[in-house]
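So you can see what is in the structure, the chains are spelled out below.
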Amino acid sequence: MASRFQIAPPSDYVLSRDACSYGYFLLAPNHWDPDARALSRVLDLEAGPSVLRITQGAEGGRASPGTPLTVRADRTLSRAERTEASGQISRMLRLDEDHTVVRGFHRVDPRWRRSGRGRLFRSPTLFEDVIKTVTSCNVQWPSTVHMNIRLCDVLGRGGAFPTPKRLSRARASTLRARCRVGYRDQRIIDLSRLFVTGEIDEAWLASPSTADDDVFVFLKGLPGIGPYAAANIMQLLGRYARLPLDTESLRHGRTVMGIEGADATVMRRVHEHFAPFGSHAFRSYWFELWEFYEAKAGPSETWRARELASAFTASNLKSVKAPKRPRTAPGRAAAPRS
DNA sequence: GGTAGACCTGGACGC
DNA sequence: GCGTCCAGGTCTACC
C-alpha cells in the first residue's frame, strides 16, 4: 500500500513559486508537472527507491501560502524512511528558510516582496548539488539536461540520482560513453570518492561558524570545481554573498544592465552592482536572471523540461530582449513587478 | 599571477 | 546527411 504524509512548510511557502525557482527543478530525476502543480522524483531510501509526488492543496489549483505539503509515495514507507524522505524534501524545497529569512531578503531588495520570491530550489543532498553543478559547467543547458537524465538512467537505482557509493564505483568509460559526461568522467568519480570517505564534510561546509572564504577555498580545491562552480555550490549551501559569474552574467550585464566594455570590465561591474545586497547578493542577482528567462519562456511554473531545453541555448537567449525594469540598489524604492 | 590551449559534447550552419 | 565551427568552465603548462 502506498504511503501518504504531510509536511508543514513555512507560513509564506508556495510550492509552485518556491520549487520553480532554480534550473535544477527541471533536471532528472526531478519532474515538475505544470498541469497538476506537482513535483515528483525518485528518492533512493533505506529499503530501496520510491517515487514521491509532492503537492500543495488540490492538484492543479492555486494553494494559499503555507498550505501543508502532501507527499505520496508509490509504496509503503517505514517510519525511518518517512523521516529520511521528509529531511531530503525539506532540503530540496528550502523549508528551513522560514518567512523571517525571506522577509530579511525583501527588506534588502524590495523588488521581490510582491511576488514573494526568495527561496531557491536545490537538491535533496549536497552530493547531487555538486554533481549537477559539474554537469552544468562548460556546456549549454540542453547538455546538462541530458547528462542528468543519463546519470539517473544508467547508474541510479530505480531512476533515482546515483548515490556517492554507486558513482564512486563507476568506470570512467561508462560515464563517458553511456552518460555522455565527456572529460568530466574521472572528476565525477573523484568527487564521489571524497563524499564516500567523508573528506567532503557537509556539516563543516554548512556550519555558520565556517567562514565563506574558507568554504570557497576548500571547494575550489576539489576536482572539477573552479571559481564559478565553487560560488554556485556556496549558494546551494545557503551562502548567498558570492556570485557565480559566468557567460550568463556577461549576457545579463550587457543586455539587461547595459554595461559596455571588455568581459573583465562587465564582470567587475556586475559584481560591484550586486555587492551592496550583501548576504543576499545572489538572490537579487538570480531573480533578475530568472525574470529574464520567464520573459522568454513564460512563468517558470508552466515550464516542461524537455520542451524547454531547446529554448535555453546561448543563441536563443542572445536573441531575446530583456524585460524592462528599473534597476534597484538596496534600500531604494521597489520597482513594481510587471 | 596571468595567459593560451586542450578537454568534450551537442547545436547551428553551410554544402 | 555530413563536415565544420562554436560555446561553455576547468585544468595544466608555460612565461
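Remember, it's a predicted structure, so these values are computed and weren't measured experimentally.

About the thresholds
Residues numbered from 1 in each chain as written. Chains lettered and ligands numbered in written order. Predicted model: local features only at pLDDT ≥ 70, side-chain atom pairs only at ≥ 80, totals over all residues. Heavy atoms only, no water. Salt bridge = Lys/Arg side-chain N within 4 Å of Asp/Glu carboxyl O. Helix = DSSP H or I, 4+ residues; strand = E, 2+ residues; numbered from the N terminus. Buried < 20%, exposed > 50% of the residue type's maximum accessible area, 1.4 Å probe, protein only. Near = heavy atom within 4 Å. Polar contact = N/O pair within 3.5 Å; in protein donor to acceptor, adjacent residues only side chain to side chain. Nonpolar A, V, L, I, M, F, W, Y, C, P; charged D, E, K, R; others polar. Expected span 1.5 Å × (residues − 1). Pairing = 2+ DSSP bridges. Axes fitted to C-alpha atoms, helices over the stretch in contact; angles between N-to-C directions. Contact = heavy atoms within 4.5 Å. Domains from an automatic or database assignment. Buried area = accessible area lost by both parts, 1.4 Å probe. Phe/Tyr/Trp six-rings, centres within 6.5 Å; stacked < 30°, edge-to-face > 60°.

S.K.: Please provide a residue-by-residue account of the pattern of salt bridges, values included.
M.R.: This structure, assessed with the given rule, holds 25 salt bridges. For Arg37, the salt bridge is made with Glu301, and the minimal N-O distance between the two is 2.8 Å. Residue Arg37 is found in the loop between strand 2 (31-33) and strand 3 (38-45), and its partner Glu301 is found in the loop between helix 14 (281-297) and helix 15 (305-309); the two are separated by 264 residues along the sequence. Judged by its relative accessible area of 16%, Arg37 falls in the buried class. Taking the relative accessible area as the measure of exposure, Glu301 reaches 15% and is therefore buried. Residues Arg254 and Asp263 are paired through a salt bridge, measuring 2.9 Å at the closest nitrogen-oxygen approach. By relative accessible area, which is 42% here, Asp263 ends up partly exposed. When salt bridges that share partners are traced, they join Asp12, Arg17, Asp18 and Arg119 into one network.

S.K.: Let's hear about the protein's contact with DNA strand C: which residues, and what values?
M.R.: In the vicinity of DNA strand C there are 17 residues, among which Asn138, Gly224, Ala229, Asp246 and Thr247 approach most closely. Of all atoms in DNA strand C that approach within 4 Å of the protein, 62% are sugar or phosphate atoms. Within the backbone of Gly224, one N or O atom sits 2.4 Å away from a phosphate oxygen of DNA strand C. In this structure, a phosphate oxygen belonging to DNA strand C sits 3.3 Å away from a main-chain N or O atom of Ile225. Tallying contributions element by element places helix 11 (residues 227-236) first for the surface near DNA strand C, with 3 residues. Residue classes in the surface near DNA strand C are distributed as 10 nonpolar, 5 polar and 2 charged.

S.K.: For helix 2 (residues 79-93), give the residues involved together with the corresponding values.
M.R.: The end-to-end C-alpha separation of helix 2 is 21 Å, in line with the 21 Å expected for 15 residues at 1.5 Å each. Along helix 2, the residues classified as buried are Glu81, Ala85, Ser86, Gln88, Ile89, Arg91, Met92 and Leu93. One or two residues past the end of helix 2 sits Arg94, with phi positive at roughly 60°.

S.K.: Please provide a residue-by-residue account of the sheet that holds strand 2, values included.
M.R.: Strand order in the open sheet formed by 5 strands is 1-5-4-3-2, with antiparallel pairing between adjacent strands. Because the sheet does not close on itself, it has two edges, and the strands there are strand 1 (4-7) and strand 2. Ignoring which end each strand starts from, the neighbouring axes of this sheet average 25° apart. When strand 4 (residues 48-56) meets strand 5 (residues 69-73), the two strands line up antiparallel, connected through 5 bridges. By the bridge assignment for strand 5, Arg53 is matched with Arg72.

S.K.: Which residues make up the environment of Gly118, and what are the values?
M.R.: If you trace the backbone, Gly118 turns up in the loop between helix 3 (99-108) and helix 4 (126-135). For the pair formed by Gly118 and Leu43, sequence separation is 75 residues and the distance between their alpha carbons is 25 Å. Excluding its chain neighbours within four sequence positions, the residues that come into contact with Gly118 are Glu97, Val102, Phe105, Arg283 and Phe287.

S.K.: Can you lay out the domain arrangement of chain A for me, pointing to particular residues and giving the numbers?
M.R.: Assigned domains of chain A: these are domain 1 (4-97) and domain 2 (126-236). Once you take the C-alpha centre of each, domain 1 and domain 2 turn out to be 23 Å apart. On the domain 2 side, the residues contacting the 17 residues of domain 1 number 22 residues. Carbon and sulfur atoms supply 51% of the area that domain 1 and domain 2 bury against each other, a total of about 1,500 Å² over both sides. It is Tyr24, Leu27 and Arg91 that lose the most area in domain 1 upon contact with domain 2, and together they represent 38% of the buried surface on that side. Where domain 1 meets domain 2, there are 4 salt bridges. Asp129 is paired through a salt bridge with Arg91; the nearest N and O atoms lie 2.8 Å apart. If you look at where domain 1 meets domain 2, you find 10 residue pairs in polar contact (both at pLDDT 80 or more). In terms of residue count, strand 3 provides more of the side of domain 1 that touches domain 2 than any other element does, 5 residues in total.

S.K.: Describe helix 14, with residues and values.
M.R.: Under the 1.5 Å per step criterion, the end-to-end length of helix 14 is 25 Å for 17 residues, consistent within 8% with the ideal 24 Å. Within helix 14, 14 of the 17 residues are buried, leaving the element largely enclosed by the surrounding structure. Gly298 lies just past helix 14 and shows a positive phi near 90°.

S.K.: An account of the packing of aromatic side chains is needed here, citing residue identities and associated values.
M.R.: This model, assessed by the stated rule, comprises 17 aromatic pairs. An angle of 35° between the planes, with centres 6.0 Å apart, marks the rings of Phe274 and Phe277 as tilted. Pair check on accessibility: Phe274 and Phe277 agree, each one buried. Residues Trp286 and Tyr293 carry aromatic rings whose centres are separated by 6.2 Å and whose planes lie at 65° to one another, so their mutual orientation is edge-to-face. Given the relative accessible area of 7%, Tyr293 is considered buried. In this structure an aromatic cluster arises from ring pairing among Tyr22, Tyr24, Phe25, Phe274, Phe277, Phe282, Tyr285, Trp286, Trp290, Phe292, Tyr293 and Trp303.

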